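Structural characterization, general
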Protein chains: 2
Amino acid sequence: MSSWRGSAVWVRIIVVSGTDFEFDTATAVKPLGDGEFSGLVDAGWTVGDKPNGGYLLGLIARACGEALAEADRAHQDPLAATAHYLRAPDIGPVRVRCAVLRTGRGASQVRAELSQDSRVCVDATFTMGSLAADPPAPYWTARELIDVAPYDECQRLPAARDGSPFVVPIMDRTDLRLDPAVLGFARGEPSGDANLRGWISFADGRPADPLGLLFFCDALPPATFELVLSGWVPTLSLTVYVRARPAPGPLRVTQSAHSIDDGRVDETCEVWDSSGRLVAQATQLAGIRIAE
Amino acid sequence: MSSWRGSAVWVRIIVVSGTDFEFDTATAVKPLGDGEFSGLVDAGWTVGDKPNGGYLLGLIARACGEALAEADRAHQDPLAATAHYLRAPDIGPVRVRCAVLRTGRGASQVRAELSQDSRVCVDATFTMGSLAADPPAPYWTARELIDVAPYDECQRLPAARDGSPFVVPIMDRTDLRLDPAVLGFARGEPSGDANLRGWISFADGRPADPLGLLFFCDALPPATFELVLSGWVPTLSLTVYVRARPAPGPLRVTQSAHSIDDGRVDETCEVWDSSGRLVAQATQLAGIRIAE
């Protein structure tokens, strides 16, 4: 084990864990040495009784940032992250084993496995770097800021709603306000357009940051809810690119499904900050079982 | 090592390796036991002197299919694949180490590392399955078939062209015909619209299949060539979803860039078969250095 004890790294760990923000508490990891970390899957970051995939990705990314700090690289921000979800861990203790694949000047790569009872639950790989606190404007973009109803006209999605077969505890921790135009599914009247949009932030006021963006990119209901009655839509593979550190304020978010073929659906998610900048993009492939 | 010798798996390896198709020869792998395979990075599947990322992904996927066959799972088709590119291997021998993470009835997950001289060059994770030979129509899609000029009006991209700083040998092996409307970059007159489209197939007539789609999803020039003068655009992370086994015939393909921010660009690629079905989708994050 490297000599991280007593170093700036250890101070940072204490500071971050010391916040009262629920996301920070639920993604806290403790070093066990040799790139291994312990964590606790929290009951509050679940959909039904399964942990949310973006939350798990945030927890793993945090361990990878610590592993890089142990390797003397201050690359705490995920730039590109992909997770393959093998089996859902239960609420409770997990281990994250990180292997630093390459350290570079501008970016480093880390592979990680989240396991429970010695069974791998999530396999993930990250390109990690350091995003500027106050970044200059993007060089070029073809992505226009999405058109979404004003914040106050959007409706916050509750954790429990009539007609839903299960409670979604992450909605108590996420302030997700959907555009009224895409809330047909909540009334049992799906619009037929697999495109959700709204505003997102942490319910307890925690600022959005690159780790939070990993979660936000998997926090919306499946866009297919506006299309077809189905059971839950379990993520097989999730990829997130974090493009910039977001400016303060609620984020605009959109989630769209594109094709349902052979029991699988692909969805994309895009997140813009209050300055109108595209700060995160995600794509996922998920299983879907259409109700007859 | 499991008893694959003399089994159907071995027969299959011989049959596949026995084709004269260049892609099959260049992605051939030999089992070394314990999930490890040897392969040869071929000089023909390069851009400049660097192997193409989609070609490497195809080679790794083939090793993963063999690793699953050794584990008695006939899951030879990549459904979701993500590779993080750490360093480009040189032309010559490489090793692929596969770890089967989970075997399931409909899909299995495998993680793999491609290394050269004991240094990891590519880290990849796959969800593997078995795609139907003659699949029923998709349940639903929002992706309209792209509008591309007729095959005969498109222009085949050569391996060497005036003004290009390097030769692109994959273009001798790929029959990539671009729509004349997106060939401004080849005349030194980029259109300003970072969107390429055309037709793609193997030059030697090898049928497109799920492994070939992995390559096709990274075979186009960077869409940013139509936007801005830059050096090569090295892929950091590539994710491909294979949605269906393609029907025979040339494939329609489109590649688009969406945002250039902080020295990185994201691009998506979509591939449709002759029946009009979306058969593959990819997203990648790449580094980009804008020429002054």
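Please refer to the structure placed before this passage.
Below or above, wherever it landed, is the structure these notes cover. As the structure is a computational prediction, the values presented were derived from the model and not from experiment.

Basis of the calculations
Residues numbered from 1 in each chain as written. Chains lettered and ligands numbered in written order. Predicted model: local features only at pLDDT ≥ 70, side-chain atom pairs only at ≥ 80, totals over all residues. Heavy atoms only, no water. Helix = DSSP H or I, 4+ residues; strand = E, 2+ residues; numbered from the N terminus. Rg over C-alpha atoms; globule rule 2.2 N^0.38 Å. Buried < 20%, exposed > 50% of the residue type's maximum accessible area, 1.4 Å probe, protein only. Contact = heavy atoms within 4.5 Å. Areas by Shrake-Rupley, 256 points an atom, 1.4 Å probe, with all protein chains shown as cover. Lys, Arg positive; Asp, Glu negative; His and termini not counted. Charge placed at Lys NZ, Arg CZ, Asp CG, Glu CD. Least-squares fit on C-alpha atoms with pLDDT ≥ 70 in both. Salt bridge = Lys/Arg side-chain N within 4 Å of Asp/Glu carboxyl O. Expected span 1.5 Å × (residues − 1). Polar contact = N/O pair within 3.5 Å; in protein donor to acceptor, adjacent residues only side chain to side chain. Pairing = 2+ DSSP bridges. Buried area = accessible area lost by both parts, 1.4 Å probe. Nonpolar A, V, L, I, M, F, W, Y, C, P; charged D, E, K, R; others polar. Phe/Tyr/Trp six-rings, centres within 6.5 Å; stacked < 30°, edge-to-face > 60°.

1. Focus: the overall build of chain A
When helices and strands are counted, chain A shows 5 helices and 16 strands. Taking 2.2 N^0.38 as the reference for a compact globule, 292 residues should give roughly 19 Å; the C-alpha atoms of chain A span a radius of gyration of 19 Å, in line with that estimate. Based on the C-alpha atoms only, the size of chain A along its principal axes is roughly 60 × 45 × 35 Å. Among the 292 residues that make up chain A, the fraction classed as buried is 59%. Look at the contacts in chain A between residues 6 or more apart in sequence, and 70% of them connect residues 24 or more apart. Within the structure as shown, chain A displays about 11600 Å² of accessible surface, and the carbon and sulfur contribution to it stands at 50%. Positive and negative side-chain charges in chain A, numbering 27 and 37 respectively, have mean positions lying 6 Å apart.

2. Thoughts on the relation of the copies chain A and chain B
Mapping chain A onto chain B calls for a rotation angle of 180° and an axial translation of 0.0 Å; the resulting RMSD is 0.0 Å. Both copies of the chain, as the preceding transformation shows, are related through a two-fold rotation axis. Most of the interface of chain A is mirrored in chain B: 100% of its interface residues are interface residues there too.

3. As for the pattern of salt bridges
Counting across every chain of the model gives 30 salt bridges over all chains. Between aspartate 262 of chain A and arginine 264 of chain A there is a salt bridge whose closest N-O contact spans 3.1 Å.

4. Considering helix H3 (residues 53-70) of chain A
All names here are of chain A. For H3, with 18 residues, the first-to-last C-alpha span of 26 Å sits near the 26 Å given by 1.5 Å per residue. Counting buried positions along H3 yields 18 of 18 residues, so the element is predominantly enclosed. The N-terminus of H3 is capped by asparagine 52, whose side-chain oxygen sits 2.9 Å from the backbone nitrogen of glycine 54. Looking one or two residues past H3, aspartate 72 carries a phi angle of roughly 60°, positive in sign.

5. Brief notes about the pairing of strand E11 (residues 174-178) of chain B
Residues and elements named next belong to chain B. Taken across its 5 residues, E11 has 4 buried, putting it largely inside the fold. Summarising the sheet, strand E10 (residues 155-156) and E11 pair through 2 bridges and their orientation is antiparallel. When the sheet's bridge partners are listed, glutamine 155 is paired in E11 with leucine 178. Alignment of E11 against strand E12 (residues 195-202), held across 5 bridges, turns out to be antiparallel. The residue of E12 that forms the bridge with aspartate 175 is serine 201.

6. Considerations on the interface of chain A and chain B
Contact with chain A, which involves 48 residues of that partner, is made by 48 residues of chain B. Of the roughly 4300 Å² buried at the junction of chain A and chain B (both faces included), carbon and sulfur atoms supply 53%. Among the residues chain A hides against chain B, the three largest losses belong to Trp140, Tyr241 and Arg243 of chain A. Together they make up 17% of the total. Taken together, chain A and chain B are joined by 8 salt bridges. Across the contact surface, chain A and chain B share 37 residue pairs in polar contact (both at pLDDT 80 or more). Looking at the side of chain A that touches chain B residue by residue, the classes come out as 23 nonpolar, 13 polar and 12 charged. As paired strands, strand E9 (residues 140-141) of chain A and strand E14 (residues 251-261) of chain B are joined by 2 bridges and run antiparallel to one another. In the sheet register, tryptophan 140 of chain A faces E14 of chain B, and the bridge partner there is isoleucine 260 of chain B.

7. Let's talk about the environment of phenylalanine 126 of chain A
Turning to its location among the elements, phenylalanine 126 of chain A is positioned in strand E8 (residues 119-129). A residue is classified by how much of its surface remains accessible, and phenylalanine 126 of chain A, at 0% relative accessible area, is buried. Excluding its chain neighbours within four sequence positions, the residues that come into contact with phenylalanine 126 of chain A are Leu57, Ile60, Ala61, Cys64, Pro78, Ala80, Ala81, Ser108, Gln109, Val110 and Leu214 of chain A together with His84 of chain B.

8. Here we look at unusual backbone geometry
Where the residue is not glycine, phi is negative for most of them; where a peptide bond is considered, it is trans in most cases. The backbone of aspartate 262 of chain A sits at a positive phi, close to 55°, despite the residue not being glycine. Relative to the assigned elements, aspartate 262 of chain A resides in the loop between strand E14 (251-261) and strand E15 (264-272). Phi at serine 118 of chain B is positive, roughly 65°, even though this residue is not glycine. For serine 118 of chain B, the position within the fold is in the loop between strand E7 (107-116) and strand E8 (119-129). Serine 118 of chain B gets classed as exposed once you look at its relative accessible area, which sits at 76%.

9. Quick notes on the packing of aromatic side chains
Summed over all chains, the structure comprises 22 aromatic pairs over all chains. Measuring from ring centre to ring centre gives 5.7 Å for tyrosine 151 of chain B and tryptophan 199 of chain B, while their planes differ by 80°; the resulting arrangement is edge-to-face. Note that tyrosine 151 of chain B is positioned in the loop between strand E9 (140-141) and E10 and tryptophan 199 of chain B in strand E12, a separation of 48 residues in sequence. Grouping aromatic residues by their ring pairs yields a cluster made of Phe23, Trp45, Tyr55, Phe202, Phe215 and Phe216 of chain A.

10. What about the environment of serine 230 of chain A?
Along the chain, the position of serine 230 of chain A falls in the loop between helix H5 (210-216) and strand E13 (235-242). In this structure, serine 230 of chain A is in contact with Phe225, Ile288, Arg289, Ile290 and Ala291 of chain A, ignoring residues within four places of it in sequence.

11. Concerning the pairing of E14 of chain B
Residue and element names in this part refer to chain B. Most of E14 sits inside the fold, with 11 of its 11 residues counted as buried. Pairing geometry for E12 and E14, over 6 bridges, is antiparallel. From the neighbouring strand, tryptophan 199 faces E14, where its bridge partner is arginine 252. Here 9 bridges tie E14 to strand E15 (residues 264-272), and the two strands are oriented antiparallel to one another. By the bridge assignment, alanine 257 is partnered in E15 with glutamate 267. Connecting E14 to the antiparallel partner E15 that follows it, the hairpin turn spans 2 residues, and aspartate 262 within it adopts a positive phi of roughly 55°.

By themselves, these are just geometric observations and shouldn't be taken as functional.
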